[in-house]
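# Secondary and tertiary structure notes
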Amino acid sequence: QNSNAWEDYVSDSMSYLLGLCHQSMNSPQDQIVILAQVLAHRSNLGYDMLGDLHLKTMNGVEIRSLPQLFKLLTDSHDEYLKFEFAPGGIVVVLERSTYLDVTAEVCKEHRIGEPVVLTDPSLDIPSKR
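Below is a summary of the structure that appears in this document.

So, how was this worked out
Residues numbered from 1 in each chain as written. Predicted model: local features only at pLDDT ≥ 70, side-chain atom pairs only at ≥ 80, totals over all residues. Heavy atoms only, no water. Helix = DSSP H or I, 4+ residues; strand = E, 2+ residues; numbered from the N terminus. Contact = heavy atoms within 4.5 Å. Polar contact = N/O pair within 3.5 Å; in protein donor to acceptor, adjacent residues only side chain to side chain. Pairing = 2+ DSSP bridges. Salt bridge = Lys/Arg side-chain N within 4 Å of Asp/Glu carboxyl O. Buried < 20%, exposed > 50% of the residue type's maximum accessible area, 1.4 Å probe, protein only.

Turning to its location among the elements, D30 is positioned in the loop between α1 (12-21) and β1 (34-35). Measuring from C-alpha to C-alpha, the distance between D30 and L66 comes to 8.9 Å, with 36 residues separating the pair along the chain. In this structure, D30 is in contact with M25 and R64, ignoring residues within four places of it in sequence. Within polar-contact distance, the side chain of D30 engages the backbone nitrogen of N26 at 3.3 Å.

Next up, the structure:
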């Protein structure tokens, strides 16, 4: 008899993400982009509880890979960055004008050397943002 009934419990988010692993991709470049964790900062109060979510869209554009997301972020001129996640249809909206400064602060506070590390040679990524 199992004394810990929750021992084998898998959250809805994790169950959804595990299901994604078994789906085929449309192209070899496609990736599943996951928000694993939000690092706490005064500018993201309330969002720091989010994690294990699949990024579906940014500003209405379907996200197909990290390099594509990086390009969308750097090319965006929209006032706000709207991220939609699954499961649950969670929406996160950030001000584009402050996200680079806030990212730098979060990296400094959490001792993260680089805010972006991608290995796609087709991207022009400066070493410091």
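Turning to the pairing of strand β5 (residues 90-95), a few remarks are in order. Sheet topology note: the strand β4 (residues 80-86)/β5 ladder contains six bridges and is antiparallel. Residue F85 lies in a different strand from β5, and its bridge partner there is I90. Where β4 folds back onto β5 in an antiparallel hairpin, the turn is made up of three residues, including G88, whose phi is positive at roughly 95°.

It is worth spelling out the pattern of salt bridges at this point. Across all of its chains, the model carries four salt bridges by this definition. For the salt bridge of D30 with R64, the shortest nitrogen-to-oxygen distance reads 2.8 Å. Of this pair, D30 sits in the loop between α1 and β1 while R64 sits in the loop between β3 (61-62) and α2 (66-75), and the two are 34 residues apart along the sequence. Given a relative accessible area of 14%, D30 falls into the buried group. Here R64 falls in the partly exposed class, since its relative accessible area comes to 30%.

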